[in-house]
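Architecture and fold: a report
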Amino acid sequence: STRDIPVSPYARGAQVEVNYKDKWYPATVLETYGELTQAHYDNYTSAWDEWFTPDRVRPRQASK
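Things to note about the overall build of the chain
When helices and strands are tallied, the chain shows 0 helices and 5 strands. Overall, the chain shows an N-to-C arrangement of helices and strands of β-β-β-β-β. Over its C-alpha atoms the chain spans a radius of gyration of 12 Å, differing by no more than 12% from the 11 Å that the globule rule assigns to 64 residues. Dimensions of the chain, computed from the C-alpha atoms along their principal axes, are close to 40 × 25 × 20 Å. In the chain, buried positions account for 23% of the 64 residues.

See below:
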């Protein structure tokens, strides 16, 4: 059944953080496909947009 297919918890436009080489970067969700999330790194060109597995994406942390 389709209920068994993992789904990304993030909606298009969601503010997230993406782990890249052990550092978290602010990003915005562009699309989702199953459990994968495509995001755009804030303040970077679209050349850096990529798809991420769930272990590399988390909700955006509040600014300190």
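Description of the environment of Ala39
Looking at the secondary structure, you find Ala39 in strand E3 (residues 36-41). For the pair formed by Ala39 and Asp49, sequence separation is 10 residues and the distance between their alpha carbons is 5.7 Å. Excluding residues that lie within four positions of it along the chain, Ala39 makes contacts with Val18, Ala27, Thr28, Val29, Leu30, Asp49, Glu50 and Phe52.

Some words on unusual backbone geometry
Despite not being glycine, Asp22 has its phi angle at roughly 65°, a positive value. Structurally, Asp22 can be placed in the loop between strand E1 (15-20) and strand E2 (23-33). Here the phi dihedral of Asn43 falls at roughly 70°; this positive angle occurs in a residue that is not glycine. Mapped onto the fold, Asn43 is located in the loop between E3 and strand E4 (50-52).

Focus on the packing of aromatic side chains
Under the definition given, this model contains 8 aromatic pairs. Between Tyr20 and Tyr25, the aromatic rings sit 6.4 Å apart at their centres with planes inclined by 65°, giving edge-to-face as the arrangement. Exposure remark for Tyr20: the relative accessible area of 28% places this residue in the partly exposed category. With centroids separated by 6.0 Å and ring planes inclined at 65°, the aromatic side chains of Tyr41 and Tyr44 adopt a geometry described as edge-to-face. An aromatic cluster of at least three residues, connected via ring pairs, comprises Tyr20, Tyr25, Tyr41, Tyr44, Trp48 and Phe52. In this structure, Arg58 is placed above the aromatic ring of Trp24, and the distance from its NZ or CZ to the ring centre is 4.0 Å.

What counts and what doesn't
- Every residue gets a number counted from 1 within its own chain, in the order that chain's sequence is written.
- It should be noted that, the model being predicted, local features are given only for residues of pLDDT at least 70 and side-chain atom pairs only at 80 or more, the latter also being counted only at that level, while totals for whole chains, interfaces and linings use all residues.
- As a rule here, side-chain values cover all heavy atoms of the structure and leave hydrogens and water aside.
- Think of it this way: any DSSP run of H or I at least four residues long counts as a helix, any run of E at least two long counts as a strand, and we number them from the N terminus.
- The atom set for the radius of gyration is the C-alpha atoms, and the globule formula is 2.2 Å times the number of residues raised to the power 0.38.
- A simple rule labels every residue: compare its accessible area, found with a 1.4 Å probe on the protein chains alone, to the largest value its type can have, and call it buried under 20%, exposed over 50%, or partly exposed in between.
- By definition, residues are in contact when any of their heavy atoms lie within 4.5 Å.
- Between 30 and 60 degrees the pair is tilted, below 30 it is stacked and above 60 it is edge-to-face, where a pair is any two Phe, Tyr or Trp rings, Trp via its six-membered ring, whose centres lie within 6.5 Å.
- Note on criteria: charge over ring means Lys NZ or Arg CZ within 6 Å of the ring centre, with the direction from the centre no more than 35 degrees off the ring normal.

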